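# Notes for the structure review
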Amino acid sequence: MIRGAVIAFQRYNLFDVTSTPFAGLENFRAVLAEDRFWTALRNTGTWVAVSLFFQFLLGFGLALLLRRHFRGRGLYQAWVFFPWAMSGFLIGLLWRWMFNGQFGVVNDLLLKAGLIDERIGFLASPGWAMTSVIVANIWYGVTFFAIMIMAALQSVPRELYEAAAVDGASRARQFWHVTLPHIRPTLALIVLLRIIWILNFPDLIYAMTGGGPAGGTDIVTTFLIQQVIGGDYGRAGAVGLLVLALLLAFSIFYLNATRFEKAR
């Protein structure tokens, strides 16, 4: 990390590694002057917010369902947890084929269901492409929330539910006044971790669209990768430090806003 920080302040190009003079804030100014960086930053906000919302919502729902005992529960758990065992890049390749405009299974299903009249080029237009990568990311990330929340739910003492039931609390009141307060510290932590991981998860996007079309699915980390591929390690280091500063500032704000230490 220290080496990366040093490179951010050098004129460090892969095509001329014999000369890496100190460049001051030149790399940062160059990055901040690029429209593509600001587009990537806006895309990052959408990518993180929408993905996180649906991952958390669906993951919480699955955790509540899988907490109950029913026939075949183990098989359902294995099916839900399966995506987490795969690499992000491989998932990106699979969803790229599924969203293919000519022979992808998504178009095929929508046509058979009568929801569309002609095939959609999901990865060929910026709007559809961003929607597509977010859908793939939601499918991937639901598992994390399901696993972590289910583990947290199992830590809630049964005695608390029994005492609440004796006091006449309905299931809804038990959920709001027993379950949520008990698992709130866990929820605060896993949401923070997931925000950091989603922002630092260019694998899926790069496999599906490479950041295209026309930068429509670029996020800050795919933008960083493009700087590396272009051989400009100085700018890549600057982007890396900007991302680190952004995450650090957000983490401090988030932990204070959620009063994480107090919750613990």
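In the nomenclature of an unreviewed UniProt entry, the chain is known as Sugar ABC transporter permease of Nonomuraea composti. Database annotation for the chain, UniProt heading Subcellular location (unreviewed entry): "Cell membrane".

One finds Trp47, Ile149 and Leu204 to be the most contacted residues of the largest nonpolar core, which totals 60 residues. Per element, the largest residue contribution to this core is 14 residues, and it comes from helix α7 (residues 126-154). Look past the residues within four positions of Trp47 in its chain and what remains in contact with it is Val133, Ile134, Asn137, Ile198, Phe201, Leu204, Ile205 and Ile219.

Of the volumes computed, that of the largest pocket is approximately 590 Å³. For the largest pocket, the lining is made up of 15 residues, of which Arg67, Arg68, Arg158, Tyr161 and Arg171 are closest to its centre. Element by element, the count of residues in the lining of the largest pocket is highest for helix α9 (residues 171-199), at 4 residues. Across the lining of the largest pocket, the residue classes tally to 6 nonpolar, 4 polar and 5 charged. Lining the second largest pocket, in full, are Leu58, Leu62, Trp79, Val80, Phe82, Pro83, Ile138, Trp139, Val142 and Thr143. Where the lining of the second largest pocket is concerned, the elements lending two or more residues are α3 (35-67), α4 (73-81) and α7. Ranked by the residues each element gives to the lining of the second largest pocket, the list is headed by α7, at 4 residues.

Here the focus is the UniProt feature "domain: ABC transmembrane type-1" (unreviewed entry) in the chain. The UniProt feature table records "domain: ABC transmembrane type-1" (unreviewed entry) at residues 41-254. Taken end to end, residues 41-254 is 75% helix and 0% strand, and its first and last C-alpha atoms sit 19 Å apart.

Feature annotation in UniProt assigns "transmembrane region" (unreviewed entry) to the following positions: residues 46-66, 78-98, 128-153, 187-208 and 236-255. For residues 187-208, the end-to-end C-alpha separation is 30 Å, with 91% helix and 0% strand making up the annotated structure.

On to the pattern of salt bridges. Counting across every chain of the model gives 5 salt bridges. A salt bridge links Arg235 to Glu34; its shortest N-O distance comes to 2.8 Å. Linking Arg235 in helix α12 (residues 233-257) with Glu34 in the loop between α2 (26-32) and α3, this pair joins segments that are 201 residues apart in sequence. Note on Glu34: relative accessible area 21%, which makes it partly exposed. The partner of Arg235 in a salt bridge is Asp232, and the shortest N-O contact between them spans 3.5 Å. Overall, the relative accessible area of 25% leaves Arg235 in the partly exposed class.

For the rest of this paragraph, the subject is unusual backbone geometry. At the junction of Gly212 and Pro213, the peptide bond is cis and its omega measures out at -5° in the coordinates. Unusually for a residue other than glycine, Ala214 sits at a positive phi of about 55°. Here Ala214 lies in the loop between α10 (202-208) and α11 (220-229).

Each value, and the rule that gives it
- Residues numbered from 1 in each chain as written.
- Predicted model: local features only at pLDDT ≥ 70, side-chain atom pairs only at ≥ 80, totals over all residues.
- Heavy atoms only, no water.
- UniProt positions renumbered as here; feature names shortened; annotations may be inferred.
- Core = buried A, V, L, I, M, F, W, Y, C linked by side-chain atoms within 4.5 Å.
- Buried < 20%, exposed > 50% of the residue type's maximum accessible area, 1.4 Å probe, protein only.
- Helix = DSSP H or I, 4+ residues; strand = E, 2+ residues; numbered from the N terminus.
- Contact = heavy atoms within 4.5 Å.
- 1 Å grid on protein atoms, 1.4 Å probe; cavity = no way out; pocket = protein on both sides within 12 Å on 5 of 7 lines; lining within 4 Å.
- Points joined across faces, edges and corners; volume = space filled by probe spheres on them.
- Nonpolar A, V, L, I, M, F, W, Y, C, P; charged D, E, K, R; others polar.
- Salt bridge = Lys/Arg side-chain N within 4 Å of Asp/Glu carboxyl O.

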